[in-house]
Amino acid sequence: MIRSYSTFCSLSAAVLFAGTPAFSATVVPSGDASALVNTLLGPGITLVGSPTLVGGTGAAGFFSNGLATGVGIENGIILSTGLAINATGPNNSDSAGDSVNTDGFSALEAFNGGQDTSDAAVLSFDFLSDGGDVFFNYVFASEEYNEFVGSDVNDVFAFLLDGQNIARIPESQSFVSIDTVNLDSNSSFYVDNEAAEDGSAPLNLQYDGLTKVLTASALGLSAGQHTITLAIADSGDSVYDSAVFLQASTFADVVLPPVVVPTPTPTPTPTPTTPGATVPTPSAAMAGLLGLSGLMARRRRD
């Protein structure tokens with residue numbers, strides 16, 4: 001039996017609310033399915049056969065510098081409904097996106113009320129799990145936040161493990177989407193990146209909203225080979241972009257946290273000295289005191 005759940009990684013809160021990031025994520029487009037999957041794979045997982053990637057040119061790729069940007073994940077791969085490079089900040093538009101004029105993905109339409117999809121990016125591969133479980137960290141982001149919450153314009157994504165979607169809200173059976181994670185619904189898992197009237201936005205990321213770092217997972221897989229399909233597509237319109245960021249090396253049979261940037265160790269402040277003077281070591285200073293006391297004793301005897 002497969003059980004699925006998602007776990008909020010608390011680290012993302014510290015990263016996302018530490019202040020406006022000064023740097024934008026670096027995105028390198030790639031259509032190499034094997035390279036993308038190998039970037040994802042972590043301990044306890046064995047790839048079986050050759051991965052496949054279906055989508056428009058430039059819809060998938062690698063990203064880095066995610067923590068400084070505010071995504072909450074340092075590096076990994078990105079799948080988008082348009083051009084992956086549109087993820088880079090600043091957030092200078094509330095309608096950024098590109099239509100790549102490719103087909104949709106019918107399997108996603110079960111999660112958006114049967115509405116047609118387009119511009120799908122679909123990465124699929126087979127694998128074995130040593131421990132019988134699978135976990136991976138991700139962030140969903142969209143340019144359709146916040147104005148299209150509750151509308152028919154909702155891009156859709158899913159992580160289909162043997163056909164079952166494991167992209168669920170933490171401690172819930174509901175799937176993650178624009179309508180289920182936003183300013184009003186499950187807001188503890190949401191980060192608003194809407195630009196203010198002066199044009200500034202909290203994060204150096206183009207998307208107007210995103211989830212915090214979530215963990216998709218399934219426990220108790222049956223023995224043998226399994227298939228995962230990571231898919232995202234436009235729905236309701238073909239321009240406004242959405243994307244999923246998937247953390248490198250976390251598709252594993254154990255839970256792996258987002259990469260933690262170590263806190264720099266403070267450098268001790270040196271003791272001020274007079275130019276040309278030598279600061280005595282403790283042993284030298286003690287010897288000097290002993291010599292001074294001996295000299296004073298001799299003077300008293302004399």
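The next subject is the overall build of the protein. Counting secondary structure elements, the protein contains four helices and 14 strands. Looking at the 302 residues of the protein, the share that counts as buried comes to 46%. Across the protein, contacts joining residues at least 24 apart in sequence account for 78% of those joining residues at least 6 apart. Summing over all exposed atoms, the protein offers an accessible surface of approximately 13,900 Å²; the carbon and sulfur share of this is 56%.

Below, the discussion takes up the layout of surface pockets. Considered as a void within the structure, the largest pocket measures approximately 240 Å³ in volume. If you trace the largest pocket, you find 15 residues lining it, with Phe-111, Asn-112, Asn-154, Ser-177 and Asp-179 closest to the centre. Residue classes in the lining of the largest pocket are distributed as five nonpolar, seven polar and three charged.

Quick look at the nonpolar core now. Counting 40 residues, the largest nonpolar core has Phe-159, Leu-230, Leu-246 and Phe-251 as the members making the most contacts within it. Secondary-structure elements contributing two or more residues to this core are α2 (33-40), β5 (76-80), β6 (117-129), β7 (134-142), β8 (156-161), β12 (214-219), β13 (226-235) and β14 (242-247). Sequence-distant contacts of Phe-251, defined by excluding residues within four places in its chain, comprise Leu-40, Leu-41, Gly-42, Ile-45, Phe-125, Phe-127, Val-134, Phe-135, Phe-136 and Ile-228. Judged by nonpolar contacts, the second largest core, of 17 residues, contains Ala-84, Ala-87, Leu-205 and Tyr-207.

About the thresholds
Residues numbered from 1 in each chain as written. Predicted model: local features only at pLDDT ≥ 70, side-chain atom pairs only at ≥ 80, totals over all residues. Heavy atoms only, no water. Helix = DSSP H or I, 4+ residues; strand = E, 2+ residues; numbered from the N terminus. Buried < 20%, exposed > 50% of the residue type's maximum accessible area, 1.4 Å probe, protein only. Contact = heavy atoms within 4.5 Å. Areas by Shrake-Rupley, 256 points an atom, 1.4 Å probe, with all protein chains shown as cover. 1 Å grid on protein atoms, 1.4 Å probe; cavity = no way out; pocket = protein on both sides within 12 Å on 5 of 7 lines; lining within 4 Å. Points joined across faces, edges and corners; volume = space filled by probe spheres on them. Nonpolar A, V, L, I, M, F, W, Y, C, P; charged D, E, K, R; others polar. Core = buried A, V, L, I, M, F, W, Y, C linked by side-chain atoms within 4.5 Å.

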